[in-house]
Structures are given as structure tokens and as C-alpha cells.
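For reference, the chains in residue letters:
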Amino acid sequence: MVLIIRTEICDLLQIEYPVLQGGMARVSTAELAAAVSEAGGLGIIGAGQASAEWVRDQVRRAKYLTSKPFGVNVMLLCPNLDEIMEVIRQERVAVVTTGAGNPGKYVPGLKETGTRVIPVVSSVALAKRLIRSGVDALIAEGMESGGHVGELTTMALVPQIVDAVDVPVIAAGGIYDGRGLAAALVLGAAGVQMGTRFMCASECVIPQRVKEMVIKARDRDTIVTGRSTGHPVRVLKNKLSRLFEEMESKCVPAEEIERLGTGKLWAAMVDGDVEMGSVMAGQVAAMVKEIKPAREIIREVVQEAGKILHDVSEMAVAR
Ligand code: TUI
């Protein structure tokens, strides 16, 4: 018998399994997003700092590759936010996730066209503020994740957000397999979002060298840089992260440190520079062992979680 997992977000987002693929700037393109959606999860295109035209092309490409729902992740620090939001409205994208800020003022416009709005939050205060704008669900992201991070771990954050809001909560950060999905559901989440694991999906277009670096990573190979500038980012350790560490320890002015970061995500994820590029990845990079299709990743995660939850329920015995 194969057990799978279904939760309320499957109905909300019209997907088969409660697994979202994290919207990763420069990493999750239409190819990856469409593959994840085709496999029954929710694929998400990472808009990052790209132009509105790029976002439109990617959305149209994903529509060509799949007829299933998919999402776009919008980074709220990006300079052309209004234009990107307009493209999302015009193209009637099914789901928008947001990162690195408060998307409150865009929520009414997006809801008008039927787009589900799911912000990423890393604190209870922001979660409470955002549900007042009428968001459909929240992604509670712990600091185990890659890229821009908050301060709480997933284990501590998820139950606190679940207790604070009355919309479905999706857990993110530190989730790699069926154990992670099962644990998230036990904490009260209605599903999970995984980013790092999907970096090594066959359909992910990042350079092979970056995938190899993720596969080689061990447990202590990520570090958070940029705490002193107010933009803490988790990356795989390399020459660039050591430079950041050195500058931060010498109290170099924030503007100079920020300048060093300019264009470095592109350097890693497009040009494949694993030494001087910013290889954003989460702590579960150490668990990634191989490159496989998104469909297999999702099937493995969902079936493993089903088995675990079934077996674990037998640990509760009547007395
Ligand atoms: O956004 C992410 N992860 C990201 S964004 C990104 S692109 C980037 N590039 C260079 C420098 C910085 C970022 C790479 N990875 N995750 C979602 C996330 N959002 N995590 C934490 C937050 C967050 C943090 C503070 C959300 C809101 C917030 O509060 C702002 C407020 O208004 O209170």
C-alpha cells in the first residue's frame, strides 16, 4: 500500500501534493517550475531582480510547458516591483509568493485577478500584520534555508506562526525529505516548501559545477554573511564568503560590503563561478546526494512522509 499526503493547501492551490518548490532568483526558471507542477507540486519561478519582460517570457514559457497551476516569487527589495506585479496581474498567475519584505499594498490588486498571495515570513509580528491584508496562506521560513534569512529556526518558528494565524502555514527551511514533510505536518503546517533540494533537480538550469558544489557540501559548509549590513544571506562557504567575513570582522562600512555583493548571484548561478559567486543554499545542502528529476523527488518525499506518519501513529498507545 502506498500512502500519500493531502492537506488543505492541495485544495487551495489545486495541486496534488502539499509540496512547493522555493522560488529561487536566477535558479528556478520556467523549466524547473513546470516540472514540479507537472509532478503534482507547486513550481515557482524566481523573479529576483529580473526585468518585467523576463518574468512575462518565463510565465508564458511555463504556461506552454504545463497546464497545471504554478507560481512566481517576487523579491520585494527589487527596484521594478510595480512592473513585475503588473505582469503577474495581466498574466493571471495562479500564485504569488513574496520574500524579503511586506507585500501588504499589493495584496488587494492581486486578489482582484484571483491570484493566491502567500508571503514568506520569518517572524510572528509580520505574520500577524500580513493576515490583516487578506493573504491566503503564509510560508514560515526558518534560518536553515538558503538566501535571505531571518533569525528563528523552522522548529521554533512554525508552531508559533501556526498559533498566531488562522490561514494555512507552509513550513520552509531545513526540509529535505519525507521526514521533513512529516515533521512539518506534526508542527501544524499544511505543507512544505523546499528550495535547496530542487537546485539539484535534473530540470534545474544552474551550471553543473554549482550542483556538484551542493552535492559535495557537508553539514557545516554554509554560513550567514551580511548580518552587519541588514541583509543576512546563507551561502555555501567559498572565497567570496571568506572575503565577506573578513570585511565584516574589520567593520568595513555597509555600503562597501553591499557593493562586493553586486552581481554575485548571477556570477554563481548563471556563469558557474563557485569561488567568487554567491552560492545561496540551505543547511540541507549536506543531504543532497544526487541529481534526479523533480517527479522522483516529489514522489519520494510524499511517500516517505506517508509511511512515517502511519508508523509514528502506532507509537501513540492507549493506557
Ligand atoms: O527572500 C527570501 N530569500 C531570498 S531573497 C534573495 S535575493 C537577494 N539577493 C541579494 C541580497 C539579498 C537577497 C535570496 N534569497 N526568503 C524569504 C524571506 N523573507 N526570508 C525572510 C524574509 C523576510 C525578512 C524580513 C520577510 C519579511 C521581512 O520583514 C520586512 C518587514 O517589512 O518587516
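Everything discussed here concerns the structure shown above.
All values derive from a computational prediction rather than experimental measurement.

## Examining the environment of Val95
Alright, step 1. Topologically, Val95 is positioned in strand 4 (residues 95-99).
Alright, step 2. We classify Val95 as buried; its relative accessible area is 1%.
Alright, step 3. The spacing of Val95 and Asp136 is 41 residues in sequence and 9.7 Å in space, taken between C-alpha atoms.

## Some words on a negative patch on the surface
Alright, step 1. Side chains of Glu53, Asp57, Asp82 and Glu83 sit close together on the surface and give a patch of like negative charge.
Alright, step 2. Contributing elements (two or more residues each) for the negative patch: helix 3 (52-65) and helix 4 (81-90).
Alright, step 3. Its location among the elements puts Asp82 in helix 4.

## Regarding unusual backbone geometry
Glycine aside, negative phi is the norm for most residues, and most peptide bonds take the trans geometry.
Alright, step 1. In this structure, Gln14 is a non-glycine residue whose phi angle is positive, near 55°.
Alright, step 2. Positionally, Gln14 belongs in the loop between helix 1 (8-13) and strand 1 (19-21).
Alright, step 3. Overall, Gln14 belongs to the exposed group, its relative accessible area being 64%.
Alright, step 4. Positive phi, normally seen in glycine, also occurs at Cys251, with a value near 55°.

## As for the sheet that holds strand 6 (residues 138-141)
Alright, step 1. Across the sheet, eight strands lie side by side as 1-9-8-6-5-4-3-2; this open sheet has parallel pairing. At either end of the open sheet lies a strand with only one pairing partner, and these are strand 1 and strand 2 (44-46). On average, each strand axis in the sheet is inclined to that of its neighbour by 25°, with strand direction left out of account.
Alright, step 2. As judged from the five bridges shared by strand 3 (residues 71-75) and strand 4, these two strands associate in the parallel manner. Bridge pairing in strand 4 links Asn73 to Thr97.

## Looking at the pattern of salt bridges
Alright, step 1. The tally for this structure, following the rule as stated, stands at 15 salt bridges.
Alright, step 2. For Arg89, the salt bridge goes to Glu86, with nearest N and O atoms at 3.7 Å. Here Glu86 and Arg89 lie together in helix 4, a separation of three residues that amounts to about one turn.
Alright, step 3. Given a relative accessible area of 24%, Arg89 falls into the partly exposed group.
Alright, step 4. Classification of Glu86 by relative accessible area gives partly exposed; the value is 36%.
Alright, step 5. Counted as one network, the salt bridges with shared partners bring together Arg56, Arg60, Lys63 and Glu91.

## Focus on the packing of helix 3 against helix 4
Alright, step 1. At their nearest, the axes of helix 3 and helix 4 sit 9 Å apart, and the two run at 25° to each other. The orientation of helix 3 relative to helix 4 falls into the category roughly parallel. When you trace helix 3 past helix 4, the crossing you get is right-handed. For the pair helix 3 and helix 4, the contacting residues are Ala52, Val55 and Arg56 in the first and Glu83, Ile84, Val87 and Gln90 in the second.
Alright, step 2. Across the contact of helix 3 with helix 4, the residue classes break down as four nonpolar, one polar and two charged.

## Notes on the site of the ligand
Alright, step 1. Around the ligand, a shell composed of 14 residues is seen, among which Ala100, Val120, Leu126, Glu141 and His148 lie nearest.
Alright, step 2. Here a nitrogen atom of the ligand sits 3.0 Å away from a polar atom, N or O, in the main chain of Ala100.
Alright, step 3. Here a nitrogen atom of the ligand sits 3.0 Å away from a polar atom, N or O, in the main chain of His148.
Alright, step 4. Contact with the protein chains covers 74% of the free accessible surface of the ligand, which is 710 Å².
Alright, step 5. Broken down by secondary-structure element, the contributors of at least two residues to the shell around the ligand are helix 6 (124-131) and strand 7 (147-148).
Alright, step 6. Grouping the amino acids of the shell around the ligand by side-chain chemistry returns six nonpolar, six polar and two charged.

How each quantity is defined
- Residues numbered from 1 in each chain as written.
- Predicted model: local features only at pLDDT ≥ 70, side-chain atom pairs only at ≥ 80, totals over all residues.
- Heavy atoms only, no water.
- Helix = DSSP H or I, 4+ residues; strand = E, 2+ residues; numbered from the N terminus.
- Buried < 20%, exposed > 50% of the residue type's maximum accessible area, 1.4 Å probe, protein only.
- Patch = residues over 30% accessible without salt bridge, like charges linked within 9 Å, V, L, I, M, F, W, Y side chains within 5 Å.
- Areas by Shrake-Rupley, 256 points an atom, 1.4 Å probe, with all protein chains shown as cover.
- Salt bridge = Lys/Arg side-chain N within 4 Å of Asp/Glu carboxyl O.
- Lys, Arg positive; Asp, Glu negative; His and termini not counted.
- Charge placed at Lys NZ, Arg CZ, Asp CG, Glu CD.
- Pairing = 2+ DSSP bridges.
- Axes fitted to C-alpha atoms, helices over the stretch in contact; angles between N-to-C directions.
- Parallel < 35°, antiparallel > 145°, perpendicular 65-115°, else oblique.
- Left-handed = near helix turned anticlockwise from the far one by under 90°.
- Contact = heavy atoms within 4.5 Å.
- Nonpolar A, V, L, I, M, F, W, Y, C, P; charged D, E, K, R; others polar.
- Near = heavy atom within 4 Å.
- Polar contact = N/O pair within 3.5 Å; in protein donor to acceptor, adjacent residues only side chain to side chain.

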